[in-house]
Amino acid sequence: MTALDVVKNYYDCFNRQDWNGMLALVHPDIRHEPNQGEARIGLEKFTAFLQHMDESYAETLTDLVFFTEPTGNRVAVEFVVNGVYKKAEDGLPPANNQTYVVPAAAFLEVSDEKIARVTTYYNLPQWIQAVSN
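Residues numbered from 1 in each chain as written. Predicted model: local features only at pLDDT ≥ 70, side-chain atom pairs only at ≥ 80, totals over all residues. Heavy atoms only, no water.

Further remarks concern the sheet that holds strand β6 (residues 114-122). One open sheet accounts for 6 strands, arranged β2-β1-β6-β5-β4-β3; its pairing is mixed. Because the sheet does not close on itself, it has two edges, and the strands there are β2 (40-41) and β3 (57-68). Here 10 bridges tie β3 to strand β4 (residues 74-85), and the two strands are oriented antiparallel to one another. From the neighbouring strand, Phe 67 faces β4, where its bridge partner is Ala 76. Across the sheet, helix α3 (residues 43-56) lies against β1 (26-33), β2, β3 and β4, angled at about 60 degrees from β1, the strand it touches most. Sheet strands in contact with helix α4 (residues 124-132) are β3, β4, β5 (98-111) and β6, and its direction is about 150 degrees off that of β5. (Pairing = 2+ DSSP bridges. Helix = DSSP H or I, 4+ residues; strand = E, 2+ residues; numbered from the N terminus. Contact = heavy atoms within 4.5 Å. Axes fitted to C-alpha atoms, helices over the stretch in contact; angles between N-to-C directions.)

One number sums up the size of the largest pocket: a volume of about 810 Å³. Lining the largest pocket are 35 residues; nearest its centre among them are Phe 49, Met 53, Glu 59, Thr 120 and Tyr 122. Of all elements in the fold, only α1 (3-15), α2 (19-24), α3, β3, β4, β5, β6 and α4 reach the threshold of two or more residues within the lining of the largest pocket. When grouped by side-chain class, the residues that make up the lining of the largest pocket number 24 nonpolar, 6 polar and 5 charged. (1 Å grid on protein atoms, 1.4 Å probe; cavity = no way out; pocket = protein on both sides within 12 Å on 5 of 7 lines; lining within 4 Å. Points joined across faces, edges and corners; volume = space filled by probe spheres on them. Nonpolar A, V, L, I, M, F, W, Y, C, P; charged D, E, K, R; others polar.)

Here the focus is the pairing of β4. In this structure, the hairpin formed by β3 and β4 is closed by a connection of 5 residues, where Gly 72 is found at a positive phi of approximately 80 degrees. Strand direction decides the pairing type here: β4 and β5, joined by 12 bridges, are antiparallel. Each residue of the ladder has a partner; that of Val 84, found in β5, is Thr 99.

Turning our attention to α1. Residue pairs three or four apart in sequence face the same way in an α-helix, which turns once every 3.6 residues. The end-to-end C-alpha distance of α1 is 19 Å, a good match for the 18 Å that 13 residues give at a rise of 1.5 Å each. Inspection of α1 places Ala 3, Val 6, Val 7, Tyr 10, Tyr 11, Cys 13 and Phe 14 among the buried residues, and these make up the whole buried set. Take α1 and look down its axis: the buried residues cluster within an arc of 155 degrees, on one side only. (Expected span 1.5 Å × (residues − 1). Buried < 20%, exposed > 50% of the residue type's maximum accessible area, 1.4 Å probe, protein only. Arc of directions from axis to C-beta.)

This part takes up unusual backbone geometry. Most peptide bonds take the trans configuration, and most residues that are not glycine carry a negative phi. In this model, Gln 17 sits at a positive phi of 55 degrees, which is unusual for a non-glycine residue. Within the secondary structure layout, Gln 17 lies in the loop between α1 and α2. The backbone phi angle of Asp 112 is positive, close to 55 degrees, even though this residue is not glycine. Following the sequence through the fold, Asp 112 ends up in the loop between β5 and β6. Residue classification places Asp 112 among the exposed residues on the basis of a relative accessible area of 69%.

So, about the environment of Tyr 122. With respect to the helices and strands, Tyr 122 occurs in strand β6. With 19 residues separating them in the primary sequence, Tyr 122 and Pro 103 have C-alpha atoms 6.5 Å apart. Residues in contact with Tyr 122, not counting those within four places in the same chain, are Asn 35, Gln 36, Pro 103 and Ala 104.

Looking at the secondary structure, you find Ser 56 in helix α3. Looking at Ser 56, the relative accessible area reads 1%, which means it is buried. Beyond its immediate chain neighbours, meaning those up to four positions away, Ser 56 contacts Val 84, Tyr 85, Lys 86, Lys 87 and Glu 89.

This is the structure in structure tokens:
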């Protein structure tokens, strides 16, 4: 599989909420760099992150556009996050199943047909405004 194939499969699993399918595409030493906070390193921390996200949010990604670079090891994707805020997090507004739609992007690095790095960006103030209305 090419890096692009791996990343497309990863996001297909995300949209099906197939967390085990996602994890099967991730390198054991994955580096997850979130929009805010410290990087998470390793499959155990990434798995815990997915579980936490599943408890707090229900999200589907639409309008995915994928970009690759000449070596074929890195993929960028922009998308729209369509979500429901199910459970509040510290420092964020209360959760009452508010819906939100925000643009986002991610940068992924693939090694040995596994995702070795995921870096995600979105506009947190825009998300806070969406769930606060």
